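What follows is the residue order along each chain.
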Amino acid sequence: MGVYAITGGSSGIGAATKDLLKEQGHQVINIDLKDGDICVNLATPEGRQEAIDKLHEMAPDGLDGLICNAGVSGSSGNYPLLISLNYFGTIRLARGVYDLLKLKKGSLVVTVSNTISRGTARMDIVDLLNNVGDEEKIREIVSRYDASSPTMGQDMYVASKYALARWVRRISVSWAANGVRVNALAPGNVRTAMTDSLSDAEKYAVSALPVPTHYGESPLMDPSEIANAMVFLLSEQAKGINGIVLFVDGGTDALLNSEKVY
């Protein structure tokens, strides 16, 4: 059985993925702000380094997989936190345990969002994240934006996820050449603590976006639907899959972007 690490495994999609892996007999190390096996704040450099150090202590023989799932929504209004947790918290941790993944030819799965295809991301922020990468400078820039604007909050959230998806695409070739597959998973509207925290207006907008596979049912998918796909991407059955962004949204993206095939 394998050894896996997951961020944000205390609730929602992360908890469902953690439980599924454990049901299959794997060891799972949960990294979260609270109720984790490693309790750290991944929005800080110190927290990330502590997580990296502890993973090396707990899995000295390597990791079969890392799932980077922790994140915060734009409704928080805290854009510096969003940038630090959603983007830098993922890439810094992944790079920090790359050596552990190489030891077991493991796999990295990063949670993004199906909203990345809708053209609302702040591409100036995306480019700063991918091409400049100065966390403190970017935090200072985004702190100037209107934190009370739900539209700006959503655009900032999408930017963080778009940048992650692009990062996955960029590194997937070189990492795979060294035995580590890298993929992104883009969930649709899922019933999680994040969706529970949305404002009334945001919840209304979510409910207005249909999930074809849930037609006539709840507009929110169950976390287990995402967890099943995530565990598949980690598995041997997916060994030929690398560098993709897998939309797991019940067909919402196909509904909105039916003419796009790539």
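These lines cover the structure that appears in this document, whether it is placed above or below. In this text, all values refer to a predicted model and were calculated from it rather than measured experimentally.

1. Section: the overall build of the protein
- Scanning the protein from N- to C-terminus turns up 11 helices and 7 strands.
- Its C-alpha radius of gyration of 17 Å places the protein within 12% of the 18 Å reference for a compact globule of 262 residues.
- Buried residues in the protein amount to 53% of all 262 residues.
- On the protein, the mean spot of the 24 positive side-chain charges and the mean spot of the 30 negative ones are 5 Å from each other.

2. Some remarks on empty space enclosed by the protein
- Counted according to the given criterion, the structure contains 1 cavity of 30 Å³ or more.
- Quantified by volume, the largest cavity comes out at close to 30 Å³.
- What lines the largest cavity is simply Thr7, Leu42, Cys68, Ala70, Leu85, Gly89 and Thr90.
- Looking at the lining of the largest cavity element by element, the count peaks at 3 residues for helix H3 (residues 79-96).
- By residue class, the composition of the lining of the largest cavity is 4 nonpolar, 3 polar and no charged.

3. Some details on the layout of surface pockets
- Of the pockets and cavities examined, the second largest pocket occupies roughly 590 Å³.
- Around the second largest pocket, the lining is made up of 18 residues, and of these Ile116, Ser117, Val245, Phe247 and Tyr262 lie nearest the centre.
- Secondary-structure elements contributing two or more residues to the lining of the second largest pocket are helix H7 (150-177), strand E7 (245-248) and helix H11 (252-256).
- Among the elements that make up the lining of the second largest pocket, the one with the highest residue count is H7 (4 residues).

4. Thoughts on the nonpolar core
- Formed by 56 residues in total, the largest nonpolar core has its most connected members in Ile31, Leu55, Leu66, Leu108, Trp167 and Trp175.
- The contact partners of leucine 55, leaving out residues within four places of it in the chain, are Ala5, Ile29, Ile31, Ile38, Leu93, Val97 and Leu100.
- In this structure, Ile67, Leu185, Val190 and Ile226 belong to the second largest nonpolar core, which totals 19 residues.

5. Considering the pairing of strand E2 (residues 27-32)
- Burial runs high along E2: 5 of the 6 residues are buried.
- Sheet topology places strand E1 (residues 3-7) next to E2; 5 bridges connect them, and they run parallel. Its bridge partner being in E2, threonine 7 is matched across the sheet by isoleucine 31.
- Of the pairings in the sheet, the one linking E2 to strand E3 (residues 38-39) comprises 2 bridges and is parallel in character. Pairing of aspartate 32 across the sheet is with cysteine 39, part of E3.

6. Focus: the pattern of salt bridges
- The full count for this structure, using the stated rule, is 7 salt bridges.
- Residues aspartate 124 and arginine 122 are paired through a salt bridge, measuring 2.7 Å at the closest nitrogen-oxygen approach.
- With a closest N to O distance of 3.9 Å, lysine 239 and glutamate 236 form a salt bridge.
- With a relative accessible area of 58%, glutamate 236 lands in the exposed category.

7. Concerning the pairing of strand E5 (residues 107-111)
- A large share of E5 lies buried, amounting to 5 of its 5 residues.
- The alternating pattern of E5 places Ser107, Val109 and Thr111 and Leu108 and Val110 on opposite faces, both of which are buried.
- As judged from the 5 bridges shared by E5 and strand E6 (residues 181-187), these two strands associate in the parallel manner. By the bridge assignment, leucine 108 is partnered in E6 with valine 182.

8. Things to note about H7
- Taking 1.5 Å of rise per residue, 28 residues should cover 40 Å, and H7 covers 41 Å from first to last C-alpha, within 8% of that figure.
- Positive phi shows up at glycine 179, right after H7, with a value of about 95 degrees.

9. Looking at helix H10 (residues 223-234)
- Here H10 is 12 residues long and its end C-alpha atoms lie 17 Å apart, about the 16 Å a rise of 1.5 Å per residue gives.
- Within the span of H10, buried status applies to Pro223, Ile226, Ala227, Ala229, Met230, Val231, Leu233 and Leu234.

10. Thoughts on unusual backbone geometry
- One non-glycine residue, aspartate 35, lies in the positive phi region at around 60 degrees.
- Of note in this structure, lysine 105 is not a glycine but carries a positive phi near 50 degrees.
- Following the sequence through the fold, lysine 105 ends up in the loop between helix H4 (98-103) and E5.

11. Let's talk about the packing of helix H5 (residues 123-132) against H7
- Relative orientation of the contacting elements H5 and H7 amounts to 40 degrees, with a least axis distance of 9 Å. Our classification of the angle between H5 and H7 gives oblique. Here H5 runs over H7; the crossing is right-handed. Residues Met123, Ile125, Val126, Asp127, Leu129, Asn130 and Asn131 of H5 form the contact with H7, whose own contacting residues are Met156, Ala159, Ser160, Tyr162, Ala163, Arg166, Trp167 and Arg170.
- The residue inventory of the contact of H5 with H7, partitioned by class, reads 9 nonpolar, 3 polar and 3 charged.

The rules we used
Residues numbered from 1 in each chain as written. Predicted model: local features only at pLDDT ≥ 70, side-chain atom pairs only at ≥ 80, totals over all residues. Heavy atoms only, no water. Helix = DSSP H or I, 4+ residues; strand = E, 2+ residues; numbered from the N terminus. Rg over C-alpha atoms; globule rule 2.2 N^0.38 Å. Buried < 20%, exposed > 50% of the residue type's maximum accessible area, 1.4 Å probe, protein only. Lys, Arg positive; Asp, Glu negative; His and termini not counted. Charge placed at Lys NZ, Arg CZ, Asp CG, Glu CD. 1 Å grid on protein atoms, 1.4 Å probe; cavity = no way out; pocket = protein on both sides within 12 Å on 5 of 7 lines; lining within 4 Å. Points joined across faces, edges and corners; volume = space filled by probe spheres on them. Nonpolar A, V, L, I, M, F, W, Y, C, P; charged D, E, K, R; others polar. Core = buried A, V, L, I, M, F, W, Y, C linked by side-chain atoms within 4.5 Å. Contact = heavy atoms within 4.5 Å. Pairing = 2+ DSSP bridges. Salt bridge = Lys/Arg side-chain N within 4 Å of Asp/Glu carboxyl O. Expected span 1.5 Å × (residues − 1). Axes fitted to C-alpha atoms, helices over the stretch in contact; angles between N-to-C directions. Parallel < 35°, antiparallel > 145°, perpendicular 65-115°, else oblique. Left-handed = near helix turned anticlockwise from the far one by under 90°.

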